[in-house]
Amino acid sequence: MSGSAKFENQQILIVGATGGLGGEIARHLKREGAELTLSGRNEDKLKALAQGLGAHVLSADVSTSEGRIELAEAVGVCDGVVYAAGVAPVAPVRYLKDADLEACLNVNTTAPLLLIRDLLKKKKLNSGASIVWLSSVASSRGAGGYAAYASSKAALEAAARCLALELAPKAMRVNCIAPGMIETEMAAAAAERISGEAFAAHLKAYPLGAGQPADVAAAASFLLSEESRWVTGVTLPVDGGFSIH
Ligand SMILES: NC(=O)c1ccc[n+]([C@@H]2O[C@H](COP(=O)([O-])OP(=O)(O)OC[C@H]3O[C@@H](n4cnc5c(N)ncnc54)[C@H](OP(=O)(O)O)[C@@H]3O)[C@@H](O)[C@H]2O)c1
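Considerations on the overall build of the protein
Thinking step 1. Within the protein one finds eight helices and seven strands.
Thinking step 2. Here the C-alpha atoms of the protein give a radius of gyration of 17 Å, agreeing with the 18 Å that 2.2 N^0.38 yields for 245 residues.
Thinking step 3. Taken along the three principal axes of its C-alpha coordinates, the protein extends 50 × 40 × 35 Å.
Thinking step 4. Residues classed as buried in the protein amount to 47% of the 245 residues present.

Things to note about the pattern of salt bridges
Thinking step 1. If you walk through the whole model with that rule in mind, you get five salt bridges.
Thinking step 2. Note that Glu32 is salt-bridged to Lys6, the shortest N-O span being 3.7 Å. Taken as a pair, Glu32 in the loop between helix H1 (20-31) and strand S2 (35-40) and Lys6 in the segment before strand S1 (11-15) lie far apart in primary sequence, 26 residues in all.
Thinking step 3. Relative accessible area serves as the criterion here: at 34%, Lys6 is assigned to the partly exposed category.
Thinking step 4. The partner of Lys122 in a salt bridge is Glu73, and the shortest N-O contact between them spans 3.5 Å. On the criterion of sequence distance, the pair formed by Lys122 in the loop between helix H4 (98-121) and strand S5 (125-134) and Glu73 in helix H3 (residues 65-74) is long-range, its members being 49 residues apart.
Thinking step 5. We classify Glu73 as partly exposed; its relative accessible area is 48%.
Thinking step 6. Connected via shared salt-bridge partners are Lys6, Glu32 and Glu227.

Remarks on the site of the ligand
Thinking step 1. Residues in close proximity to the ligand total 28 residues, the closest being Thr18, Arg41, Asn42, Tyr149 and Thr184.
Thinking step 2. At 3.1 Å, a backbone N or O of Ala85 approaches an oxygen atom of the ligand.
Thinking step 3. Contact between the ligand and Ile182: an oxygen atom at 2.9 Å from a main-chain N or O atom of the residue.
Thinking step 4. When the ligand is considered free in solution it has 890 Å² of accessible area, and contact with the protein chains removes 90% of it.
Thinking step 5. Residues of the shell around the ligand, tallied by class, amount to 13 nonpolar, twelve polar and three charged.

A few points about the packing of aromatic side chains
Thinking step 1. According to the stated counting rule, one finds two aromatic pairs in the structure shown.
Thinking step 2. With a centroid separation of 6.1 Å and an interplanar angle of 70°, the aromatic rings of Tyr146 and Tyr149 are classed as edge-to-face.
Thinking step 3. Arranged with centres 4.7 Å apart and planes meeting at 25°, the rings of Tyr206 and Phe242 form a pair that is stacked. Here Tyr206 is found in the loop between helix H7 (196-204) and helix H8 (213-224), whereas its partner Phe242 is found in the segment after strand S7 (235-238), with 36 residues between them in sequence. Assigned by exposure class, Tyr206 and Phe242 land together as buried.

Notes on the side chain of Thr109
Thinking step 1. Note that Thr109 resides in helix H4.
Thinking step 2. Excluding residues that lie within four positions of it along the chain, Thr109 makes contacts with Cys104, Ser152, Ala155 and Leu156.

Considerations on the environment of Ile177
Thinking step 1. Locating Ile177 in the fold gives a position in strand S6 (residues 173-179).
Thinking step 2. Judged by its relative accessible area of 0%, Ile177 is buried.
Thinking step 3. Each C-alpha atom, one on Ile177 and one on Ala220, is 7.5 Å from the other, the two residues being 43 residues apart in sequence.
Thinking step 4. Discounting chain neighbours no more than four positions away, the residues touching Ile177 are Val132, Trp133, Leu134, Ser135, Ser136, Val216, Ala219, Ala220, Leu223, Leu236 and Val238.

Some thoughts on H3
Thinking step 1. Listed as buried for H3 are Gly67, Arg68, Leu71 and Ala72. An end-on view of H3 places all buried positions within 130° of arc, on one side of the element. Turned more than 90 degrees away from the buried face of H3 sit Glu66 and Glu70, all of them exposed.

Procedures and definitions
Residues numbered from 1 in each chain as written. Predicted model: local features only at pLDDT ≥ 70, side-chain atom pairs only at ≥ 80, totals over all residues. Heavy atoms only, no water. Helix = DSSP H or I, 4+ residues; strand = E, 2+ residues; numbered from the N terminus. Rg over C-alpha atoms; globule rule 2.2 N^0.38 Å. Buried < 20%, exposed > 50% of the residue type's maximum accessible area, 1.4 Å probe, protein only. Salt bridge = Lys/Arg side-chain N within 4 Å of Asp/Glu carboxyl O. Near = heavy atom within 4 Å. Polar contact = N/O pair within 3.5 Å; in protein donor to acceptor, adjacent residues only side chain to side chain. Areas by Shrake-Rupley, 256 points an atom, 1.4 Å probe, with all protein chains shown as cover. Nonpolar A, V, L, I, M, F, W, Y, C, P; charged D, E, K, R; others polar. Phe/Tyr/Trp six-rings, centres within 6.5 Å; stacked < 30°, edge-to-face > 60°. Contact = heavy atoms within 4.5 Å. Arc of directions from axis to C-beta.

What follows is the structure, encoded as structure tokens:
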């Protein structure tokens, strides 16, 4: 890696690194010279990623306060944090299970906010650190079956705006990325729940077609880097034009 690497000497924590988007973000940032700590629950996937990328790994269930505190204690001081963990229960409200709603709000909204609280309390964020949370286009659109998921992401974006104001005096920044449909396992699982015609109709709403994990990774790299030093409290749609309509 040359001395001019974009993230030279930068420590970046990726939570949800075992997922489709988190894994691609990890590979992208590694190519740009970042020193990575990768987190998730699946230890086999974490080990495989770490071997390939020469990264530190810390397995943690961030839905529990114990898991978040252990992660905040074990990680080094970070210049960037990417929260790419998430769950997406899809059910009409009439059939929504209490446990699914709670898990969704917990993993998608409560955990990223409280993890940052724990990192701040343990002084694990450098001045100038950049925080990137994965939201979704669902946060600002109505879609049957998505009440739990959409509300978890809308709340995440609202929290990001408030946290961005609180952290601006420390030159820390907080932003969200709102991807549209990206070809990952999460998207494939969502596609399986609807008919082929409904899926084709949904795809037509993307002027640039479906996105790839690399599109989200490039946006994360921008928001983590000095290139976005004057950008905070925003949600960046990465959605092939879906939200234009
Ligand atoms: N894919 C898309 O089309 C799309 C579109 C819009 C937004 N997003 C958002 O982007 C993010 C990443 O999506 P993805 O497609 O990469 O999802 P994914 O492949 O299903 O990965 C989900 C990740 O979340 C982690 N996770 C779930 N519960 C956890 C917990 N309790 N503790 C720790 N980690 C936990 C999983 O870790 P383990 O597997 O190790 O448990 C995995 O790393 C999510 O927030 C999602 O809502 C995705």
